[in-house]
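# Architecture and fold: a report
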Amino acid sequence: MAIGALLENIRIAAAEYGHVVEITRRLDSPEEKPTFDIVLREDDTVRPDPLFPHIPLRSTQRRSLSPRPLSGLEKQRLEMAVAPNYQLVWLEGWANKRRAAKLMFNNAKLRLTMPEAYEVHKSVIEGNAAFIT
């Protein structure tokens, strides 16, 4: 999900500055380490995305989610909400959930150990934020 959010933020920000983004996933990259080619191209017809002002306000939901499987109707509605050039991939079953969790764990480790990423996260994470449980 983090990769999808990153790519969407790139698209939203690019539109604000009069660019379109061409995002291509390298099909030879493994599922656990997807690689994307991202090309920005100026385009006079592109309009700013109304979500641009909200990029700094986006946050990560860190509370536990329900383990209840989605119904067929819920999945169908979510799939219909996806933009035409995107695809929703369902990772179901314990093996796939474990692989996704490992990917997210490794991503978090990278963000907290790579000096450039650490500095960015250190400047934006609220350490003393209170949450209602």
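Structural data are supplied above this passage.
The paragraphs below set out a description of the structure included in this document. (Residues numbered from 1 in each chain as written. Predicted model: local features only at pLDDT ≥ 70, side-chain atom pairs only at ≥ 80, totals over all residues. Heavy atoms only, no water.)

### Describing the overall build of the protein
Convention followed: Runs of H or I in DSSP of at least four residues are treated as helices and runs of E of at least two as strands, each being numbered from the N terminus. Only protein chains enter the accessibility calculation, which uses a 1.4 Å probe. A residue is then buried if its area is under 20% of the maximum for its type, exposed if over 50%, and partly exposed in between. In this description, contact between two residues means that some pair of their heavy atoms is separated by no more than 4.5 Å.
Per the secondary structure count, the protein includes four helices and two strands. Of the regular secondary structure in the protein, the N- to C-terminal order runs α-β-β-α-α-α. The C-alpha extent of the protein, read off along each of the three principal axes, is 45 × 40 × 35 Å. When burial is assessed residue by residue, the protein has 9% of its 133 residues classed as buried. Put simply, 44% of the contacts in the protein that link residues at least 6 apart link residues at least 24 apart.

### Overview of the pattern of salt bridges
Put simply, the rule is: Definition used for salt bridges: Asp or Glu carboxyl oxygen within 4 Å of a side-chain nitrogen of Lys or Arg.
Counted under the stated rule, the structure contains eight salt bridges. Arginine 25 is the salt-bridge partner of glutamate 31, the closest N and O atoms lying 3.7 Å from each other. Residue class for arginine 25 comes out partly exposed when judged on its relative accessible area of 29%. Salt bridges linked by common partners bring Glu8, Arg11 and Asp49 together as one network.

By themselves, these figures tell us nothing about what the structure is for.
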